[in-house]
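Letter by letter, the chains look like this.
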Amino acid sequence: MKITGAEILIESLKKEGVKYIFGYPGGVVLNIFDMLYEEKDINLILTRHEQGAVHAADGYARASGKPGVVLVTSGPGATNTVTGIATAAMDSIPLVVITGQVPTMLIGNDAFQEADIVGITRPCTKHNYLVKDVNELARTIKEAFIIATSGRPGPVLIDLPKDVTVGKAEFVWPEKLDIEGYKPKYEGNKWMISQAAGMIEKSKKAVIVAGGGVVISAAHKELKELAEMAQIPVTTTLMGIGCFPETHKLSLGMPGMHGTYYANKAIQEADLLIALGMRFDDRVTGKVDAFAPNASIIHVDIDPTSIRKNVRVDVPIVGDVKKVLSVLNKVLKTESKGQWTQVRKAWLNQVEQWKKERPLSYTKSDQVIKPQFVVEKIYELTRGDAIITTEVGQNQMWAAQFYKYDKPRTFISSGGLGTMGFGFPAAIGAQFAFPDKLVIDIAGDGSIQMNIQELATAVLNKLPVKVAILNNGFLGMVRQWQELFFGERYSHTQLDIVPDFVKVAESYQAAGLRATKPSEVEPVLKEGLFKIKKPVFMDFQVDWTEKVFPMVPAGAPIDHMLFDEPREEKQKKLKVVK
Amino acid sequence: MRHTITLFVENKFGVLSRVSGLFSGRGYNIESLSVGETIDPKYAQMTIVTSGDDLIIEQINKQLNKLIDVIKVTDVTEFEHVEREMILIKITPKPEKKAEVLNLAGIFRGRIIDSSENTYTIEITGDEKKIEAFIGLMKPIGIKELVRTGKVAILREGIKK
Ligand SMILES: Cc1ncc(C[n+]2csc(CCOP(=O)(O)OP(=O)(O)O)c2C)c(N)n1
């Protein structure tokens, strides 16, 4: 029996086990939306902006490991997804984004709400399709899911012209499929792995840098086994946070621009750097020629282009981190004779020394709320049992520094693109994946305003998402750079009007709470996180002069770190240049 | 260094822009690019001439491989291969130079494919050296127009990859 393209789409999504589509309707997708009117197995979650839909699907994917699905209309609906798609692409997040398109006959005619979204998203998708024939639809959807979720995952876009969704064809679902030009390599080269094992055995001062790839391949157990067996300290990049427990003795926290003193020191002094599922982003390496100057480098990544893109590599291993580590661990196990503790003793002592010398810290206060204090309190009260999402800026870095993540997929943040406005819709998506978990967006007052309209989505779907706004009245991270590198000329970073977030929340029928003094932080958090069972905005009016430290100035080697000067307690007068 | 890379790709719309977009988006050089269908119309063959240091060339090869529509990438520079390019060149010689043009075209195994009172259009096929040499010789005589196909390349038979 022949069915319409719209029906084929829905059937195919069911075959893929899709439960939620995040979307927004419009002219050319009306017939698809009509199919969803009485649909039981798949829920369309109406966001209030297409960007919100993509970030929500992304948050769902990051929290659950399953692909996020988006459905929007052509033209402006499609172009509104671009920031979300680029965000997912940079962080290797599996998404399938379905955009309506004007009928094939009209493509190229500048028809109403026509945009060449396949052209626009070519550089920020893993792959994309314009489906021109309804007979190709099922296969294309299957391909899209395979490509989005395998190898190095990423967003895939399918552009569906109106006539294709109206046209009819037999529904033939390909259970298996061969994509000729797509053969991701999972198994690492055995010889290379044995080379790596040899280097680990020879090294005295080894350090592991673990990235998002460890989270994606769920290699956290293998990573822990390796670190503990060979006594190697582990630093996790922003994308890798949680793949190694931060409460572990061997954890060094995050490296790079706002990384810990001891992580950066360890990298710079190491004789062997084991890079796992990370891609040597400039925020991690600082000045690349001065990065890990004494270390040989083992680099494991499933994406061959990540290897030798930014740094020289001595042992390149293309493959899935989990698979590679389980082989590597086996090799090491047969060759190790309990020598590791002895071999690493001096090195681990040195690392401990660095940890003592300069732990993460800030100047405490009982007069003004320190943003770091809010994050610490959130950690304390939740005991680390929550999913934290972040916006971008200082809030993101403090969320990374002052909360200790022990499990993968509990820290959700836009790393590669650094997209303000990501955290709140991402929290909504994460809450869909884990309805019973505490999901908290640690936000800035600038970022939260970029997708604040999604309050409606959270309220309507009864998602108790919590937003802790570190409200400093500024685009804080930019202000920090202006203070440090532009002579305190705060050009256009003061947000002269910040809305009353309590009232905003209430106007959307969510709850709003405010803390203006340090003593109010804990009561507000207790109320907001545990008592109120609906979405909550918690407005923490924090010390606007606070800065994120340590900080490696852009382009400097990562051991050239700036630290907070111990300061007297005084709220500086606002100095605003108009 | 200069490299000639051949790509075996899906013969679909959009593939060319994926490949050229990769070069422009990542700031790689592209000196010439030619595309044509293979014996099997499902596939097309591209030949790209590019340049860069070893790390860039390695990245170009890997990035091309990563494109889903690209089935096979061969950097033929690393193997024994044959390269050819064709040019069509329109010459406007002074009357006393006409014989020289015909003579040189003969030496280069060119073909006169069009002529008028004042012009000859000559077709030349060859590797880069030969093409450049011919253009060099024609310059002082007077080139009115020149079009080139860009290179195509193929491995010599029996070469293991
Ligand atoms: C969409 C977007 N626009 C601009 C920027 C540049 N940017 C990075 S951090 C930042 C300030 C963020 O301010 P806020 O959300 O208030 O957070 P804070 O740094 O104060 O914690 C800006 C503007 C960005 N990352 N994303």
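Everything numeric here is computed off the predicted structure, so don't read it as measured data.

**Quick word on the pairing of strand E5 (residues 81–91) of chain B**
Residues and elements named next belong to chain B.
Then, number 1: Bridging between E5 and strand E9 (residues 152–155) involves four bridges; their strand directions are antiparallel. The residue bridging His81 from the neighbouring strand is Leu155, located in E9.
Then, number 2: Sheet analysis places E5 next to strand E7 (residues 120–126), joined by seven bridges and oriented antiparallel. Paired with Glu85 across the strands is Gly126, a residue of E7.
Then, number 3: Relative to strand E8 (residues 143–148), E5 runs antiparallel, the two being bridged by five bridges. Counted as the bridge partner of Ile91 is Ile143 from E8.

**Some words on the interface of chain A and chain B**
Then, number 1: Residue-level contacts link 18 residues of chain A with 18 residues of chain B.
Then, number 2: Here chain A packs against chain B, burying approximately 1,500 Å² in sum over the two surfaces, 50% of which is carbon and sulfur.
Then, number 3: Looking at the side of chain A facing chain B, the largest losses of area belong to Arg122, Glu180 and Thr305 of chain A, adding up to 35% of the total buried there.
Then, number 4: At the junction of chain A and chain B, the tally comes to two salt bridges.
Then, number 5: Here chain A is connected to chain B by nine residue pairs in polar contact (both at pLDDT 80 or more).
Then, number 6: In terms of residue count, strand E6 (residues 127–130) of chain A provides more of the side of chain A that touches chain B than any other element does, three residues in total.

**A short note on the layout of surface pockets**
Then, number 1: Of the voids in this model, the second largest pocket is the one considered here, and its volume is about 1,200 Å³.
Then, number 2: Surrounding the second largest pocket, 42 residues form its lining, Lys126 and Asp303 of chain A together with Arg26, Gln63 and Lys66 of chain B being those nearest its centre.
Then, number 3: Broken down by secondary-structure element, the contributors of at least two residues to the lining of the second largest pocket are helix H5 (82–90) of chain A together with helix H1 (15–25), helix H2 (54–66) and strand E4 (70–75) of chain B.
Then, number 4: Considering every element that reaches the lining of the second largest pocket, the biggest residue donor is H1 of chain B, with five residues.

**As for the nonpolar core**
All names here are of chain A.
Then, number 1: Phe22, Phe424, Phe432, Ile448, Val467 and Phe537 are the most contacted members of the largest nonpolar core, which has 48 residues in total.
Then, number 2: Top contributing element to this core by residue count: helix H3 (residues 50–64), with seven residues.
Then, number 3: In this structure Phe22 touches Ile45, Ala53, Ala56, Ala57, Tyr60, Val69, Val70, Leu71, Gly429 and Phe432, once residues within four positions along its chain are discounted.

**Side note on the environment of Phe411 of chain A**
Then, number 1: By secondary structure assignment, the location of Phe411 of chain A is in strand E15 (residues 411–412).
Then, number 2: Given the relative accessible area of 9%, Phe411 of chain A is considered buried.

**Here we look at the sheet that holds strand E14 (residues 387–390) of chain A**
All names here are of chain A.
Then, number 1: Across the sheet, six strands lie side by side as E15-E14-E16-E17-E19-E18; this open sheet has parallel pairing. Of all the strands in the sheet, just E15 and strand E18 (511–515) have a single pairing partner and so form its edges.
Then, number 2: Note: E14 against E15, two bridges, orientation parallel. Bridge assignment links Thr389 to a residue of E15, and that residue is Ile412.

**Examining the site of the ligand**
Residues and elements named next belong to chain A.
Then, number 1: For the ligand, the set of nearby residues contains 17 residues, the closest of which are Gln394, Gly418, Gly446, Ser447 and Gly476.
Then, number 2: Between the ligand and Gly418 there is a distance of 2.8 Å, counted from a nitrogen atom to a backbone nitrogen or oxygen.
Then, number 3: Bound to the protein, the ligand loses 77% of the 590 Å² it would expose on its own.

**Concerning the domain arrangement of chain B**
Accessible area lost on assembly of the parts is the figure often given for the size of an interface.
Residues and elements named next belong to chain B.
Then, number 1: Its domain assignment divides chain B into domain 1 (2–79) and domain 2 (82–154).
Then, number 2: Tallying the contact residues gives nine residues for domain 1 and seven residues for domain 2.
Then, number 3: Both faces considered, domain 1 and domain 2 share a buried interface measuring about 570 Å² in area, 47% of it formed by carbon and sulfur atoms.
Then, number 4: The largest share of the area that domain 1 buries against domain 2 comes from Arg2, Ser34 and Thr47, three residues that together contribute 48% of it.

**Some thoughts on empty space enclosed by the protein**
Then, number 1: Per the stated rule, a full pass over the model turns up one cavity of 30 Å³ or more.
Then, number 2: Put simply, the largest cavity is a space of about 40 Å³.
Then, number 3: Of the residues belonging to the lining of the largest cavity, the class tally is five nonpolar, three polar and three charged.

What counts and how
- Residues numbered from 1 in each chain as written.
- Chains lettered and ligands numbered in written order.
- Predicted model: local features only at pLDDT ≥ 70, side-chain atom pairs only at ≥ 80, totals over all residues.
- Heavy atoms only, no water.
- Pairing = 2+ DSSP bridges.
- Helix = DSSP H or I, 4+ residues; strand = E, 2+ residues; numbered from the N terminus.
- Contact = heavy atoms within 4.5 Å.
- Buried area = accessible area lost by both parts, 1.4 Å probe.
- Salt bridge = Lys/Arg side-chain N within 4 Å of Asp/Glu carboxyl O.
- Polar contact = N/O pair within 3.5 Å; in protein donor to acceptor, adjacent residues only side chain to side chain.
- 1 Å grid on protein atoms, 1.4 Å probe; cavity = no way out; pocket = protein on both sides within 12 Å on 5 of 7 lines; lining within 4 Å.
- Points joined across faces, edges and corners; volume = space filled by probe spheres on them.
- Core = buried A, V, L, I, M, F, W, Y, C linked by side-chain atoms within 4.5 Å.
- Buried < 20%, exposed > 50% of the residue type's maximum accessible area, 1.4 Å probe, protein only.
- Near = heavy atom within 4 Å.
- Areas by Shrake-Rupley, 256 points an atom, 1.4 Å probe, with all protein chains shown as cover.
- Domains from an automatic or database assignment.
- Nonpolar A, V, L, I, M, F, W, Y, C, P; charged D, E, K, R; others polar.

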